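# Summary of structural features
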Amino acid sequence: MKIAIFGQYYQNDTRPIIKDIFLFFNDNNVELVIEENFLKILYSQEILKRDYKTFKSHKCLDSSFDILVSIGGDGTILRAATFVRDSGIPIIGINAGRLGFLAKVPKENIETFLQLVLEKNYSISQRTLLSLECSPENEQINEMNFAMNEVTVSRKDTTSMITIETSLNDEYLNSYWADGLIISTPTGSTGYSLSCGGPILTPEVKGLVITPIAPHNLNARPLVIPDDTKIKLKVSGREDQYLVSLDSRIATLNNNSVLTIRKTPFQINMVEIPNETFLKTLRNKLLWGEDKRN
């Protein structure tokens, strides 16, 4: 088996987790290829000493890889997706962070879960991504124009609201007066969109969520639309520029540029470990059922 490893180092909290992972895979003669910058950190912290092969871009990952292991939280998985892209390599997240809906493998009993990986005793959850086109073109966006969680437009250097003129399949929907607007996938519905009052979608739902951020027109509510909808946004405001983010990657755009958002032709394959389902994660993370009456 050939496994790619990507991660982030969180000082002493992560050290024992990383050691357990590498010890397990090495004991089972798994071929490991480590993301270049992550490996440098592990060497500098003296967590690893032996030599490993490395990768530094999505071009290094091909069909010879069985899986990518992400060590960290949900943000680490979003970065891991930028390496996997359209290769189809499944991603499994080992949770070294706190609140997370994607990194499902807990810190405890890591060996038990990794044994399931070796036995390929898991299922695949296909996750929708969004692509973004900008007119006029923007180099920052064109370089990596997809998001697994959400595409967000927001105000930049002012406390003033922006106006987001929104069309669906070239039909005018609304002009949102707000701090911003979130276009979320089902995966991202448990992230920024949820904190702004958006609904939770299960991963298999063929839909997207439009969620305004602090809208001035209070009748502007979150809206669920089919995931094959073409969304166009045109932003204006008192300032000359605004921000657009694709997950954690941010670009600055000029007012009145036009953004077109669509579902990408490829998906990200997330590994689902037995008994670690999306609904179980919801119950645990949102503390559902903690009411004593349940």
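Our subject is the structure that appears above.
Every chain begins its residue count from 1, and numbering advances along the sequence as written. In keeping with the predicted nature of the model, local features appear solely for residues at pLDDT of at least 70, side-chain atom pairs appear and are counted solely at 80 or more, and the whole-chain, interface and lining totals rest on all residues. Calculation of side-chain values draws on the structure's entire complement of heavy atoms; hydrogens and water are dropped beforehand.

Here a salt bridge means any side-chain nitrogen of Lys or Arg lying within 4 Å of a carboxyl oxygen belonging to Asp or Glu. Within this structure, the stated rule accounts for 11 salt bridges. Here Lys-120 makes a salt bridge to Asp-66, at a shortest N to O gap of 3.5 Å. With Lys-120 in the loop between α4 (110-118) and β6 (123-127) and Asp-66 in the loop between β3 (53-55) and β4 (67-72), this residue pair connects regions lying 54 residues apart in the sequence. For every residue, the accessible area (1.4 Å probe, protein chains only) is compared with the maximum for its type, and the residue is labelled buried under 20%, exposed over 50%, or partly exposed between those bounds. Look at Asp-66 and you get partly exposed, because its relative accessible area is 23%. Glu-272 serves as the salt-bridge partner of Lys-104, at 3.0 Å between the closest nitrogen and oxygen. Helical segments are the DSSP runs of H or I of at least four residues, strand segments are the runs of E of at least two, and each set is numbered from the N terminus.

Further remarks concern the packing of aromatic side chains. Aromatic contacts are taken between Phe, Tyr and Trp rings whose centres are within 6.5 Å, Trp giving its six-membered ring; a plane angle under 30 degrees counts as stacked, one over 60 as edge-to-face, and the others as tilted. Enumeration over the complete set of coordinates arrives at 5 aromatic pairs. With a centroid separation of 5.5 Å and 70 degrees between ring planes, the pair formed by Phe-22 and Tyr-52 is classed as edge-to-face. Pair noted here: Phe-22 is in helix α1 (residues 15-27) and Tyr-52 is in the loop between α2 (36-44) and β3, with a separation of 30 residues, a long-range link. Classification of Phe-22 by relative accessible area gives buried; the value is 2%.

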